[in-house]
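So the chains spell out like this:
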Amino acid sequence: MSDATLPSSGTVGVIVNPVAGKDIRRLTGGAAHTPDTTKIGIVHRAIVGAIESGARSILVADDPHRLGRRAVESIEVLGADDLPVDIEFLSGHVGGGRDDTVAAAAEMRRRRVDVVIALGGDGTCRDVATGWPDVPLIAISTGTNNVYPRALDATTAGVAAGLVASGSVERERVAQPTKRIVVRLDGAERTEDVALVDLALVEGSFVGARAVSDPGAVRSILAAVAETATTGLSSVAGRAAPLDRHSRGGVEIMLVPPADDVRCIRVPLSPGRFESVGIEHVRRLVDGEPVEWHGPGVLAFDGERDLPIGPDATVVAHVERTGPVLIDVESAVTIAALDGRFDRPTPCVVASGASVSREGDPHAR
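Residues numbered from 1 in each chain as written. Predicted model: local features only at pLDDT ≥ 70, side-chain atom pairs only at ≥ 80, totals over all residues. Heavy atoms only, no water.

### A closer look at the nonpolar core
Put simply, the rule reads: By nonpolar core is meant a set of buried Ala, Val, Leu, Ile, Met, Phe, Trp, Tyr and Cys residues that side-chain atoms within 4.5 Å join together. The cut-offs for exposure are 20% and 50% of the maximum accessible area for each residue type, with area from a 1.4 Å probe on protein chains only; residues under the lower value are buried, those over the upper are exposed, and the others partly exposed. Between two residues, a contact is recorded if the distance between any of their heavy atoms is within 4.5 Å.
Formed by 40 residues in total, the largest nonpolar core has its most connected members in Val-12, Ile-47, Ile-58, Ile-87, Ile-117 and Ile-138. When sequence neighbours within four positions are dropped, the list of residues in contact with Ile-47 reads Val-14, Ile-58, Val-60, Val-72, Ile-75 and Ile-87.

Structure follows, in structure tokens:
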């Protein structure tokens with residue numbers, strides 16, 4: 001039985017990346033800073049929305065900044081007396097790196113969470129999908145380029161998660177399967193990996209600050225998402241050969257330095273910063289059609305340099321429709337409204353009641 005066909009458990013998961021939206025691009029470009037207080041508020045509102053719309057339990061991934069715990073400290077839940085709500089924290093993986101997110105997503109899959117709300121950027125969503133490839137996901141943007149996640153109202157996102165988790169809205173009616181790039185490597189440190197938005201081969205041998213800042217160093221890009229209204233490496237594909245996130249296939253772009261005899265386009269390589277890139281070749285790909293690249297260089301996954309590869313390394317990658325299942329927030333709330341899910345008897349009666357499990361919290365009193 002697949003995850004999609006399992007009966008609802010009534011559980012909404014929350015994963016927040018404490019370092020998303022805080023990298024060097026705040027100093028070198030116009031990327032917005034997302035402070036902890038903003039993330040805490042988003043988590044708070046999302047949890048309240050989920051509980052209000054019927055979630056029976058909330059599972060929050062712990063983080064080194066205690067953002068999740070701080071978000072629930074002042075929550076006052078409005079709901080029915082016969083619907084107790086447990087808020088539990090996953091405290092088994094709190095090291096401060098991407099492995100935290102991968103492990104939390106894998107644990108939420110094991111615990112049969114119905115919907116995961118993730119706060120972060122493209123890298124955070126990739127980490128969630130590494131731990132749970134076809135995760136039912138609501139991705140709220142708090143990162144840098146934010147091609148994959150969306151700028152969503154947190155309260156409404158929580159309401160949609162609760163509606164799906166409680167079974168009030170069938171997941172199949174609002175679920176949208178997305179693509180991912182599957183990467184196989186020969187002669188590299190890792191033998192396989194994934195990306196959700198784009199994969200790039202960049203000249204050099206060091207990861208450094210991870211962000212790709214020099215367009216002249218980018219040799220090739222494979223994009224699963226090539227939308228025009230994006231920022232980052234995917235904007236190169238988006239402006240050379242647009243392809244939206246729900247269309248099948250992908251786009252391969254081969255780049256050269258800008259010159260008079262090549263096609264040049266202007267792209268926002270990072271927020272508030274435009275660059276010119278030269279396009280040597282564009283190839284549209286169908287699902288499963290492979291591309292093959294050869295080292296040396298550094299592979300960038302979803303806009304972040306991550307894996308140096310040597311001159312003997314071979315990279316084979318393709319796009320397939322096996323990525324996270326995105327929950328259409330607006331559709332879920334609209335269906336619920338048309339079905340009268342928000343109607344209440346007259347006079348309306350509100351009550352409160354929630355329990356928060358602080359097991360394993362050294363700061364609990």
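Further notes follow.
### Side note on the sheet that holds strand β13 (residues 263-270)
Consider a sheet: its strands pair through backbone hydrogen bonds, and that pairing is either parallel or antiparallel. Quick note on the threshold: By this definition, two strands are paired if DSSP reports at least two bridges between them. Here a strand is any run of E in DSSP of at least two residues, a helix any run of H or I of at least four, and the numbering for each starts at the N terminus. Fitted lines through C-alpha atoms serve as axes, helices being fitted only where they are in contact, and the angles separating the N-to-C directions of these axes extend from 0 to 180 degrees.
Ordered in space as β13-β14-β12-β11-β10-β16-β17, the seven strands form an open sheet in which the pairing is antiparallel. With partners counted over all chains shown, the strands left at the sheet margins are β13 and β17 (304-309), one partner each. In this sheet, adjacent strand axes meet at a mean angle of 30° when their direction is disregarded.

### Section: the packing of aromatic side chains
Formally: Each pair of aromatic rings taken from Phe, Tyr and Trp, with Trp reduced to its six-membered ring, is defined by centres within 6.5 Å and is described as stacked if the planes are under 30 degrees apart, edge-to-face if over 60, and tilted in the remaining cases. Only when the NZ atom of a Lys or the CZ atom of an Arg is both within 6 Å of the ring centre and within 35 degrees of the ring normal do we say a charge sits over the ring.
Applying the stated criterion across every chain, the model contains zero aromatic pairs. The positively charged end of Arg-245 is found above the aromatic ring belonging to Tyr-148, 5.8 Å away from the centroid.

### Quick word on unusual backbone geometry
Put simply, Gly-295 and Pro-296 share a cis peptide bond, and its omega is 10°. Structurally, Pro-296 is set in the loop between β15 (291-294) and β16 (297-301). Residues other than glycine seldom take positive phi values, yet Arg-66 does so here, at roughly 55°.

### A word on the packing of helix α2 (residues 36-52) against helix α6 (residues 154-166)
Using the following cut-off: Crossing handedness is read from the near helix: turned anticlockwise from the far helix by less than a right angle, it gives a left-handed crossing, and turned clockwise, a right-handed one. Side-chain classes follow a simple rule in which Ala, Val, Leu, Ile, Met, Phe, Trp, Tyr, Cys and Pro form the nonpolar group, Asp, Glu, Lys and Arg form the charged group, and the remainder, Gly included, forms the polar group.
In the contact formed by α2 and α6, the axes pass within 6 Å of each other and the chain directions differ by 35°. α6 is crossed by α2, and the crossing has right-handed handedness. Contact with α2, carried on its side by Ile-42, Arg-45, Ala-46, Gly-49 and Ala-50, involves Ala-154, Thr-155, Gly-158, Val-159 and Gly-162 of α6 and no other residues of that element. In terms of residue class, the contact of α2 with α6 is made up of five nonpolar, four polar and one charged.

### Describing the pattern of salt bridges
The condition is simple: Each salt bridge in this description consists of a side-chain nitrogen of Lys or Arg and a carboxyl oxygen of Asp or Glu lying within 4 Å of one another.
Inspection of every chain in the model, using the stated rule, returns 19 salt bridges. Taking the shortest distance from any N to any O, the salt bridge between Arg-110 and Glu-107 comes out at 2.7 Å. Separated by three residues within a single helix, Arg-110 and Glu-107 lie in helix α4 (residues 98-110), roughly one turn from each other. Two residues, Arg-126 and Asp-193, come together in a salt bridge whose shortest N-O distance is 3.0 Å. Of the two residues, Arg-126 sits in helix α5 (residues 122-131) while Asp-193 sits in strand β9 (residues 192-195), which places them 67 residues apart along the sequence. Note on Arg-126: relative accessible area 3%, which makes it buried.

### Re helix α9 (residues 329-338)
Inclusion rule: An arc is given here, and it is the one of the directions from the helix axis to the C-beta atoms. The term polar contact refers here to a pair of N or O atoms within 3.5 Å; inside protein, the definition further demands a hydrogen-donor-capable atom paired with an acceptor-capable atom, and it admits residues adjacent in sequence only when both atoms are side-chain atoms.
Among the residues of α9, those classed as buried are Val-329, Ala-332, Ile-335 and Ala-336. The arc that holds the buried residues of α9, viewed along the axis, is 135°, so those residues lie on one side. Turned more than 90 degrees away from the buried face of α9, the exposed residues are Glu-330 and Leu-338. Buried residues along α9 sit in contact with β6 (136-141), α6, α7 (171-174) and β19 (325-327). One side-chain oxygen at the N-terminal end of α9 lies 3.3 Å from the backbone nitrogen of Glu-330; it belongs to Asp-328. Looking one or two residues beyond α9, the residue adopting positive phi is Gly-340, at roughly 75°.

So yeah, pure geometry; function would need other evidence.
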